[in-house]
Amino acid sequence: MSISPTYCDRIEKIAPHLLMLSDEQIDGLIESGNVLTDPRFFPEVQDEFGQFYAPFDWVNEDADIVLIGITPGRKQAKTALKSLKASLRQGLHVDHAARIAKQAASFEGDMRDIAARLMNRFRLQQLFGLDDSADLFGKASHRAHYTSLLRYPILHWQTKKKNGRKVTDWFDYGGGDKAFSVDLLTRSIREHFEPEIMGFKKAWLVPFGPTPARALEAMVARGLIDPDRVLPGINHPSATQWNRHNCQLNISDDHSTCGRNVGCETIRRRSANLESIVSRLLRGRV
């Protein structure tokens, strides 16, 4: 369980500024997008994408299950930075503070409940030897490493509906093809994600959503990771995507009721593939 000296150094550089900020100021910087203009948060902007620093560098090297999201959202970034600030004020060592921040913020809130419910739907708790996949965020958290395809928070400048009207603003990046074509994003995958994942030789790799799954597929094709350890097909556990989760959870026996925007056929195809993988793995244990 560790954080490299490189990332400890980054935290030490940001610490004096962070300690001067109130929680409300941290929230304001991130919600407004002004964090992308503050050099003390190591911002980078390319095209319609912006990245800033939040402490998601700590790695649980002892984990045998790796849960992979897309990128920390603004909510997770705020929690991580405020947790880091609180720990540093208490006088905790940088690596300890980074661990606490990472654990507090990763898949924070409803995402943990949704992720556990989706994993249970595919019997991953049986594969992992757990009573409930929710244990990965509780009593079995020592077995889990939480990470993202894009290590640091990525904001996307786009037009979306917000409170019933169209707004052009910075929003959390939700994945997609540009993760593999925009240099800011591909560099993050190459420099952070791939080396991190290659360190887990014997861990189960659980990507949430098609974008992390595609990255793992590319790593398999290059011989970087073992294909038998990858468990793709689960939706990203966003709390705003219950139309898709209801489809994957088979809440309704009649999938013709799924809306056009759900992508029901694609979700069901991915689900059937993961069901087949898990069934094969469980049969192999008999």
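Description of the structure in this document. (Residues numbered from 1 in each chain as written. Predicted model: local features only at pLDDT ≥ 70, side-chain atom pairs only at ≥ 80, totals over all residues. Heavy atoms only, no water.)

What about the overall build of the protein chain?
Step number 1: Broken down by element type, the protein chain carries 10 helices and 7 strands.
Step number 2: Taken over C-alpha atoms, the radius of gyration comes to 19 Å for the protein chain, in line with the 19 Å a tight globule of 286 residues would show.
Step number 3: Projected onto its principal axes, the C-alpha coordinates of the protein chain cover approximately 55 × 45 × 35 Å.
Step number 4: The proportion of buried residues among the 286 residues of the protein chain is 51%.
Step number 5: Taken as two groups, the 39 positive and 35 negative side-chain charges of the protein chain have centres that lie 3 Å from each other. (Helix = DSSP H or I, 4+ residues; strand = E, 2+ residues; numbered from the N terminus. Rg over C-alpha atoms; globule rule 2.2 N^0.38 Å. Buried < 20%, exposed > 50% of the residue type's maximum accessible area, 1.4 Å probe, protein only. Lys, Arg positive; Asp, Glu negative; His and termini not counted. Charge placed at Lys NZ, Arg CZ, Asp CG, Glu CD.)

Some points on the sheet that holds strand S7 (residues 204-207)
Step number 1: Here 3 strands make up an open sheet; going across it, the order is S4-S3-S7 and the pairing parallel. At either end of the open sheet lies a strand with only one pairing partner, and these are strand S4 (144-148) and S7. Here the strands of the sheet are splayed against their neighbours by 20° on average, with no regard to which way each runs.
Step number 2: Where strand S3 (residues 65-69) meets S4, 5 bridges bridge the pair, whose relative direction is parallel. Note that in S4 the partner of valine 66 across the bridge is histidine 145. (Pairing = 2+ DSSP bridges. Axes fitted to C-alpha atoms, helices over the stretch in contact; angles between N-to-C directions.)

Focus on the packing of aromatic side chains
Working definition: an aromatic ring pair is given by the centre-to-centre distance plus the angle between the planes.
Step number 1: In total, this model carries 9 aromatic pairs according to the counting rule given.
Step number 2: Between phenylalanine 107 and tyrosine 146, the ring centres sit 6.4 Å apart and the planes meet at 85°, which makes this aromatic pair edge-to-face. With phenylalanine 107 in the loop between helix H4 (94-105) and helix H5 (110-121) and tyrosine 146 in strand S4, this residue pair connects regions lying 39 residues apart in the sequence.
Step number 3: You can call phenylalanine 107 buried: its relative accessible area is 7%.
Step number 4: On the accessibility criterion, tyrosine 146 (7% relative accessible area) is buried.
Step number 5: Through a chain of ring-to-ring contacts, three or more aromatic side chains come together here, namely Phe107, Phe137, Tyr146 and Phe208.
Step number 6: In this structure, arginine 10 is placed above the aromatic ring of phenylalanine 42, and the distance from its NZ or CZ to the ring centre is 4.3 Å. (Phe/Tyr/Trp six-rings, centres within 6.5 Å; stacked < 30°, edge-to-face > 60°. Lys NZ or Arg CZ within 6 Å of the ring centre and 35° of its normal.)

Side note on the pattern of salt bridges
Step number 1: Summed over all chains, the structure comprises 15 salt bridges.
Step number 2: Residue aspartate 27 pairs with lysine 82 through a salt bridge whose shortest N-O separation is 2.9 Å. Linking aspartate 27 in helix H2 (residues 23-32) with lysine 82 in helix H3 (residues 74-89), this pair joins segments that are 55 residues apart in sequence.
Step number 3: The structure contains a network of salt bridges with shared partners spanning Glu44, Asp183 and Arg187. (Salt bridge = Lys/Arg side-chain N within 4 Å of Asp/Glu carboxyl O.)

Remarks on the side chain of lysine 85
Step number 1: Secondary-structure assignment places lysine 85 in helix H3.
Step number 2: In this structure lysine 85 touches Leu18, Leu19, Leu21, Ser22, Asp23 and Ile26, once residues within four positions along its chain are discounted. (Contact = heavy atoms within 4.5 Å.)

Comments concerning the nonpolar core
Step number 1: Judged by nonpolar contacts, the single largest core of 32 residues is most densely connected at Ile3, Ile11, Phe41, Phe52, Leu81, Leu84 and Leu88.
Step number 2: Residue assignment for this core shows that the elements contributing at least two residues are helix H1 (5-20), H2, H3 and H4.
Step number 3: When sequence neighbours within four positions are dropped, the list of residues in contact with leucine 88 reads Ile11, Ala15, Leu19, Val94 and Ala97. (Core = buried A, V, L, I, M, F, W, Y, C linked by side-chain atoms within 4.5 Å.)

So far we have only geometry, and geometry alone does not tell us how the molecule works.
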